[in-house]
Amino acid sequence: MAKLQELIRVEDLTTCDATAQMITKARKDGVELFFDRASNMKPCPIGSESACCKHCSMGPCRMNVNSPYDRVGVCGATIDTIVARNFGRMVAAGTAAHTDHGMGMLELFRDVVNGKNTEFKIQDPLKLLEVAKALDIVTEGRELKEIALDLYTELEKTYTQVDGEIPMMKRVPPKTLELWRKEGIVPRGAMREIMEMMHRTAIGVDQDYENLTKQISRTALADGWGGSMVSTDITDILFGTPTPVEVEVGMGVLKEDKVNIIVHGHEPILLEAMIISAADPELKQMAIDAGAKGINLIGMCCSGLDALSRHGLPHAGNFSSTEAVLVTGAVDAMCVDVQCIKQDMKRVADCYDTPFITTNYRAKIEGALHIQLDEHEPLKCTEEIVIKAITRFKTRGKTIQIPRITGRGVHGFSYEYINYMLGGSFRGSYKPLNDNIINGRIRGVAGVVGCTNPRSKQDFSHVELVKELIRNDVLVLQTGCSQLALAKAGLTGPGAAALAGPGLAEVCETVGMPPVLGLGSCVDNSRILIAASEMVRTGGLGDSIADLPAAGCAPEWMSEKAIAIGQYFVASGIYTIFGHTFPMTNGTKFEKHLFEELETKGFGKWGFADDPLEMARLMIAHIDKKRHALGIDKARERVLMDMADRRVLDAMA
Ligand code: XCC
Ligand code: SF4
């Protein structure tokens, strides 16, 4: 192993104690992890500012990041063209990932409705009816199957339509939609937008950063309000809309005396099928015959978050822990599907004799065992994996070391559940949420989302940012790997209300909810968009999403998917801050466009900060600015006085 890593102290790499223990063990075992590679490989200084172009063989052309207008590419492309094109391609890639996933879910839905797939059935017919109604599909007096087939036909347009507006535009607040129409950025269909984005960013096509930004927004909106939103809705219809459930998280969920199977990736089907196989009496008996106390199924990353929200399945950790968990030696099978699977997991798995299995033809890893999951017979794949895991359990050789660390939290919130939780089952409504924002108990709403990254101390910014937000009465909505950081830190349990400011704490205690609401995986960011639309529709907080006292943040992001998400938040009207790095050359017109000018046109805008307290400060300042514009800043001053008065009274009593 390289020398430098000896110098990087483990406590500078992660705040997750279990991951820290495993990094230390890996070093002892002589096994390299991505933390070590990140320390040893400096990011390219030109690439990290996105100041290079390799879109043709006249280049690659590198700009001067310190003086970006010094030169242009061989074709004449300016720094603004180069950075905007690179940004557009990141958004196209991120959007492609989410929409390809969503389209897969929709196909599964079609096959289940048609009876071609009999392994799954519709678990939430009520949600099916709600989504159908939202898209103006007649539901009255019709068979569920008929409605479902119409819904399929309608939703397919999200991906394949070439003209017009994608169906979910019906759920956008009118004023927000009006802006998009005026700007010409309403998505037609995801395939069309991604195709056009790739075309326009090729050599010699769109060389006007403002014009490029429009297509960047249109592509991103096809993700958030398109591919991702359809995926969330269809997954809820097929596998059930989440309701709050208490869960156990962290590497301590691995059990020394059980067959530990981890599923890591993004598509719910592998884990849903695995849940069936792990409960199969014959396989359970086989595990017991092998000397195990049972089969212990565990999720990681986003598919883990899906199953955690829906079934309360234990979750072993986020993106930065997926190699480290293998170092325990206790993983009897690691099976993966698509996205965020580090190629080197295969080698780390080999070091600990853990079978590493890919299951999706889209995502094979050189040298890894591939067992294709066929949606029509998913159990064939998952049963085979369980058997492999049991065999590995029987022959476990290396010493096992499981960090005895777990956290508990309540997860599985959804747009629908927030409605019910606040308004009651008979008069489900966002009015209590809006009222509490208007009266100032809740200062505003923040979406804190996204990945972890070995170049940013794992979990640190997520946790410190969220602590600061709730301390300042900002209600936090959570998705993705961020959610696991907070769960491990105890911020998703009702007890976390004690860390909230007086107003937010009061609301949490009254309703019995934590101040941090886990909404699922990254495609479930669409739940935040729907919640935001509902807040606008409920009234009292302005006419468009841009009017809401709300902000977003991805403090430790790494994936192109995060950039697509950030862009659809911004285009939807939300101020969105990214941390630790941003693919942007400072001092360019394109930077000014994304970070300032978009807001003046009625959109949200991008922000950047490296320090979590600075992120919180920027978000809270923005929330206060929106409160002021809405004329509800006075209400908040009164509430704080009331609370202070009450404390004085309490003290006197
Ligand atoms: Fe991947 Fe979704 Fe990022 Fe986590 S948060 S590192 S994208 S697993 Ni989605
Ligand atoms: Fe260079 Fe222009 Fe080719 Fe990019 S497209 S590599 S800037 S010549």
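What you see is a predicted model; the values in this text were computed from it and never measured. (Residues numbered from 1 in each chain as written. Chains lettered and ligands numbered in written order. Predicted model: local features only at pLDDT ≥ 70, side-chain atom pairs only at ≥ 80, totals over all residues. Heavy atoms only, no water.)

K.L.:
Honestly, the site of ligand 1 in this entry has me stumped. Any pointers?
P.N.:
In the vicinity of ligand 1, the residues found are His266, Cys301, Cys302, Phe319, Cys340, Gly450, Cys451, Cys481, Cys522, Met558, Ser559 and Lys561. Taken atom by atom, the bulk of ligand 1 overlaps the largest cavity. Residue composition of the shell around ligand 1, by class: eight nonpolar, three polar and one charged. (Near = heavy atom within 4 Å. 1 Å grid on protein atoms, 1.4 Å probe; cavity = no way out; pocket = protein on both sides within 12 Å on 5 of 7 lines; lining within 4 Å. Sits in = over half its atoms within 2 Å of the grid points. Nonpolar A, V, L, I, M, F, W, Y, C, P; charged D, E, K, R; others polar.)

K.L.:
Can you help me understand the site of ligand 2 in this one?
P.N.:
In the vicinity of ligand 2, the residues found are Cys53, His55, Cys56, Met58, Gly59, Cys61, Gly73, Val74, Cys75, Arg85 and Ile203. When the residues that make up the shell around ligand 2 are grouped by side-chain class, the tally is seven nonpolar, three polar and one charged.

K.L.:
What is the right way to read the packing of aromatic side chains from this model?
P.N.:
Given two aromatic rings, one states the distance between the centres and the angle between the planes to describe the pair. Summed over the entire model, instances satisfying the criterion amount to 17 aromatic pairs. Plain terms: the ring middles of Phe34 and Phe319 are 5.7 Å apart, the flat faces sit at 85° to each other, and that makes the pair edge-to-face. Of this pair, Phe34 sits in helix H4 (residues 34-40) while Phe319 sits in the loop between helix H13 (301-311) and strand E6 (333-336), placing them 285 residues apart in sequence. In this pair, the class of Phe34 matches that of Phe319, namely buried. Consider the rings of Phe413 and Tyr417, whose centres lie 6.1 Å apart with planes at 70°: the pair is edge-to-face. Taken together, the aromatic side chains of Phe87, Tyr209, Trp557, Phe578, Phe582, Phe590, Phe595 and Trp606 make up a single cluster linked through ring pairs. One residue, Lys342, lies across the ring of Phe319, its end atom 4.0 Å from the ring centre. (Phe/Tyr/Trp six-rings, centres within 6.5 Å; stacked < 30°, edge-to-face > 60°. Helix = DSSP H or I, 4+ residues; strand = E, 2+ residues; numbered from the N terminus. Buried < 20%, exposed > 50% of the residue type's maximum accessible area, 1.4 Å probe, protein only. Lys NZ or Arg CZ within 6 Å of the ring centre and 35° of its normal.)

K.L.:
Before we go on, may I ask you to explain the layout of surface pockets in this structure?
P.N.:
One way to see where empty space is left: roll a probe the size of a water molecule over the atoms. Taken as a whole, the largest pocket encloses approximately 830 Å³ of empty space. Along the wall of the largest pocket there are 22 residues; nearest its centre are Gly47, Ser48, Met90, Trp557 and Met558. Considering each element in turn, the lining of the largest pocket owes the most residues, three residues, to helix H5 (residues 79-114). When the residues that make up the lining of the largest pocket are grouped by side-chain class, the tally is 10 nonpolar, eight polar and four charged. (Points joined across faces, edges and corners; volume = space filled by probe spheres on them.)

K.L.:
When you look at the pairing of strand E4 (residues 259-264) in this model, what are you seeing that I'm missing?
P.N.:
Regular strands place side chains that alternate from one sheet face to the opposite one. Most of E4 sits out of view: six of its six residues are buried. Side chains of E4 alternate between two faces, with Val259, Ile261 and Val263 and Asn260, Ile262 and His264 buried alike. Relative to strand E5 (residues 295-300), E4 runs parallel, the two being bridged by six bridges. Counted as the bridge partner of His264 is Met300 from E5. With four bridges connecting them, E4 and E6 associate as parallel partners. Across the sheet, residue His264 finds its bridge partner in E6, namely Val336. (Pairing = 2+ DSSP bridges.)

K.L.:
Honestly, the side chain of Glu267 in this entry has me stumped. Any pointers?
P.N.:
Here Glu267 shows up in the loop between E4 and helix H11 (268-278). No salt bridge is formed by the buried Glu267; its nearest oppositely charged neighbour, Arg362, is found at 4.6 Å. If near-sequence neighbours (up to four positions away) are discounted, Glu267 is found in contact with His101, Ser303, Asp337, Val338 and Asn360. (Lys, Arg positive; Asp, Glu negative; His and termini not counted. Salt bridge = Lys/Arg side-chain N within 4 Å of Asp/Glu carboxyl O. Contact = heavy atoms within 4.5 Å.)

K.L.:
Would you explain the side chain of Ser321 in this entry?
P.N.:
By the secondary structure assignment, Ser321 is in the loop between H13 and E6. In this structure, Ser321 is in contact with Thr19, Met251, Met300, Gln458 and Lys488, ignoring residues within four places of it in sequence.

K.L.:
Could you clarify how one ought to interpret helix H20 (residues 502-511) in this entry?
P.N.:
Along H20, the residues classified as buried are Gly503, Leu504, Ala505, Val507 and Cys508. Turning to H20, the residues buried within the fold contact helix H17 (431-438), helix H18 (460-471) and strand E11 (474-478). Downstream of H20 by one or two residues, Gly512 has phi in the positive range, about 80°.

K.L.:
What am I meant to see in the environment of Gly552 here?
P.N.:
Among the secondary structure elements, Gly552 is positioned in strand E13 (residues 550-554). Classification of Gly552 as buried rests on a relative accessible area of 5%. Separated by 67 residues in the primary sequence, Gly552 and Met619 place their C-alpha atoms 7.6 Å from one another.

K.L.:
How should I be thinking about the pairing of strand E9 (residues 407-411) in this particular structure?
P.N.:
Among the five residues of E9, four are classified as buried, and the element is accordingly described as predominantly covered. Bridge count between strand E3 (residues 245-249) and E9: five bridges; the pairing is antiparallel. Directly across from Glu248, in E9, lies its bridge partner Arg408.

K.L.:
Is there a simple way to explain the sheet that holds E6 in this structure?
P.N.:
By way of backbone hydrogen bonds, the strands of a sheet pair with one another, either parallel or antiparallel. Pairing in this open sheet of five strands is parallel, and the strands run E5-E4-E6-E7-E8 from one edge to the other. Across the chains shown, the open sheet's two edge strands, defined by having one partner strand only, are E5 and strand E8 (369-370). Where strand E7 (residues 356-358) lies against E8, two bridges are found, and the strand directions are parallel. By the bridge assignment, Ile357 is partnered in E8 with Leu369. Contacting E4, E5 and E6, H11 crosses the sheet at an angle of about 170° to E5. (Axes fitted to C-alpha atoms, helices over the stretch in contact; angles between N-to-C directions.)

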